[in-house]
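Secondary and tertiary structure notes
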Amino acid sequence: MQKALHMIISSSSSSFIFPRLLKKCNNYNCINASSPISSSITTSSLLLPPFGPRRLRPFRAFVTRSESNPDGSSSPSTSVAFQSTGNTRKINFCQSCGGATKHEIPDGEEKTRAICTLCGKVAYENPKMVVGCLIEHENKVLLCKRNIQPSHGRWTLPAGYMEMGESATEGAVRETFEEAGAEVQVLSPFAHLDIPRIGQTYIIFLAKLKTPHFSPGPESSECRLFALDDIPFDSLAFSSMVVTLNLYIEDLKIGRPKFHYGIINKRPGTSPSAIQAYTLDGHMQS
């Protein structure tokens, strides 16, 4: 994984040049909005750290309980591990033969799994990959207003679940066309964000429009280019969008792009619309 991240970072960080930030520019609307969105977003309201040279923040590790040591103590080799907060769903029937499952820890493993009582197949659950594009055009970014739940009526970057048989970039381009009717060219990877509690990983790419045309797809009610000062941070759909756009603005302020990795730890029991109920941990940047 470290080698793969290093290859991504080294191949992309030197080939992309950020556009200069304009102080003021009007929103470009692809449809007539009933009421214009106008807001003044300051760096203090975005809770951004001061701009300028920044030291690399270390990746955080957490002391966790193990199966063999329920009191939290363990041997030195297992005392420090990445925190696992994800929820798993209970699988009651085998996807292969339809037989009933039992839930126990298979031999040689550490986690409880659903095991078929007929064919013995073990059901493994893996995180979902979400891919999307942060599209830059004339010092503005393209956002879509969601026409579906969750977070109906809130703004998001065009993004969605990666399909079998496609690469991350292919999925990001496809989702952008489906949600915003826009044909884009991927420029570089920008952010890899893990959300363990809901079992999702986000890969966001910087991209540009091939042509200045876009229109909302079935999952969007509106698409709009926003000047940076007009981004509706209070009406974004997900915490991942808040994090991504804040990191993007940080990079613009220092004048060069970076590749970011981080873990979004959502507060337990909060809804997707509680976009500020999170911490960004283990932030690394190229």
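This one's a predicted model, so the numbers in the text were calculated from it and none came from an experiment. Sequence order as written defines residue numbering, which begins from 1 separately in each chain. In keeping with the model being predicted, local features are shown solely for residues with a pLDDT of at least 70 and side-chain atom pairs are shown and tallied solely at 80 or more, while totals for entire chains, interfaces and linings include all residues. Note: side-chain values were computed over all heavy atoms of the structure, leaving out hydrogens and water.

So, the overall build of the protein
Going by this rule: In this text, helices come from DSSP runs of H or I with a minimum length of four residues, and strands from runs of E with a minimum of two, each type numbered from the N-terminal end. Summary of the burial criterion: residues with accessible area below 20% of their type's maximum are buried, those above 50% are exposed, and those between are partly exposed, where the area comes from a 1.4 Å probe applied to protein chains only. Contact between two residues is taken to exist if any of their heavy atoms lie within 4.5 Å; hydrogens are not considered. Only the protein chains shown count as covering a residue, and every accessible area follows the Shrake-Rupley method with a 1.4 Å probe.
Across its full length, the protein holds three helices and 13 strands. When each of the 286 residues of the protein is scored for burial, the buried share is 40%. Partitioning the contacts of the protein with sequence separation of at least 6, the portion at a separation of at least 24 is 65%. Here the protein displays about 16,300 Å² of accessible surface, and carbon together with sulfur accounts for 53% of that area.

Points about the environment of A274
Here A274 is to be found in the loop between β12 (260–266) and β13 (278–285). C-alpha of A274 to C-alpha of L236: the two residues are 38 residues apart in sequence and 9.8 Å apart in space. Setting aside residues up to four positions removed in sequence, A274 forms contacts with S239 and K266.

Some thoughts on the sheet that holds strand β3 (residues 113–116)
For clarity, the threshold we go by: At least two DSSP bridges between two strands are needed for those strands to be called paired.
Taken in spatial order, the three strands line up as β2-β3-β4 in an open sheet, and their pairing is antiparallel. If you trace the sheet from one side to the other, it starts and ends with β2 (101–104) and β4 (122–123), each paired once.

Points about helix α3 (residues 239–254)
Filter applied, for reference: The span expected for a helix works out to 1.5 Å for each residue beyond the first.
In a regular helix each residue adds 1.5 Å, so 16 residues correspond to 22 Å; α3 covers 23 Å between its end C-alpha atoms and thus fits that length. For α3, a buried count of 14 out of 16 residues is recorded, marking the element as mostly surrounded by other parts of the structure. Positive backbone phi, approximately 85°, marks G255, located one or two places after α3.

Brief notes about unusual backbone geometry
Between Q149 and P150 the backbone carries a cis peptide bond, its omega angle lying at 0°. Within the element layout of this structure, P150 appears in the loop between β6 (140–146) and β7 (155–156). Backbone geometry places E138, a non-glycine residue, at a positive phi of 50°. Within the secondary structure, E138 sits in the loop between β5 (128–137) and β6. Using a relative accessible area of 58% as the deciding quantity, one classes E138 as exposed. In the Ramachandran plot, N139 falls in the positive-phi region, its phi being about 65° despite a non-glycine side chain. You can see N139 is positioned in the loop between β5 and β6.

Quick look at the layout of surface pockets
Taking a probe equal in size to a water molecule and rolling it over the atoms shows the remaining empty space. Using the following cut-off: The rule is simple: put a 1 Å grid over the protein atoms alone, call a set of points where a 1.4 Å probe fits but cannot get out a cavity, call an open set with protein on both sides within 12 Å along at least five of seven lines a pocket, and count a residue as lining if it has an atom within 4 Å of a point. Grid points are joined across faces, edges and corners, and a volume is the space filled by probe spheres set on the points. Three classes are used: nonpolar for Ala, Val, Leu, Ile, Met, Phe, Trp, Tyr, Cys and Pro, charged for Asp, Glu, Lys and Arg, and polar for all others, with Gly counted as polar.
Computed from the structure, the second largest pocket encloses a volume of approximately 550 Å³. Lining the second largest pocket are 29 residues, with P150, I198, Q200, Y202 and F238 positioned closest to its centre. Elements with a minimum of two residues in the lining of the second largest pocket: β8 (159–161), α2 (168–180), β10 (200–209) and α3. When its residues are assigned to classes, the lining of the second largest pocket shows 13 nonpolar, nine polar and seven charged.

Things to note about the pairing of β10
Counting buried positions along β10 gives nine out of 10 residues, so the element sits mostly inside the fold. Here β5 pairs with β10 via nine bridges, running parallel. By the bridge assignment for β10, M129 is matched with T201. Strand direction decides the pairing type here: strand β9 (residues 184–195) and β10, joined by 10 bridges, are antiparallel. Pairing of H192 across the sheet is with I203, part of β10. The turn linking β9 back onto β10 is made up of four residues, and G199 within it adopts a positive phi angle of 65°.

Some words on the confidence of the model for the protein
Definition in use: Scored from 0 to 100, pLDDT reflects the predictor's confidence in each residue.
Averaged over every residue, the pLDDT of the protein is 77; the share at 70 or more is 69%. This model gives residues 1–85 a pLDDT under 50, and the stretch forms 127 contacts once residues within four places in sequence are excluded.

Some details on the nonpolar core
Basically, it comes down to this: Here, nonpolar core means buried Ala, Val, Leu, Ile, Met, Phe, Trp, Tyr and Cys residues that are tied together by side-chain atoms lying within 4.5 Å of each other.
Within the largest apolar cluster, 32 residues are counted, with the highest numbers of intra-cluster contacts made by L134, L143, Y202, I231, L236, L245 and Y248. Looking at this core, the elements that each hand over two or more residues are β5, β6, β9, β10 and α3. Of all the elements, α3 adds the most residues to this core, at eight residues. Aside from chain neighbours lying at most four places away, what touches L143 is W155, T156, L157, E222, C223, R224, F226, I231, P232, L236 and L245. In terms of nonpolar packing, the next biggest core, distinct from the first, is built from 16 residues, V131, I135, C144 and A207 among them.

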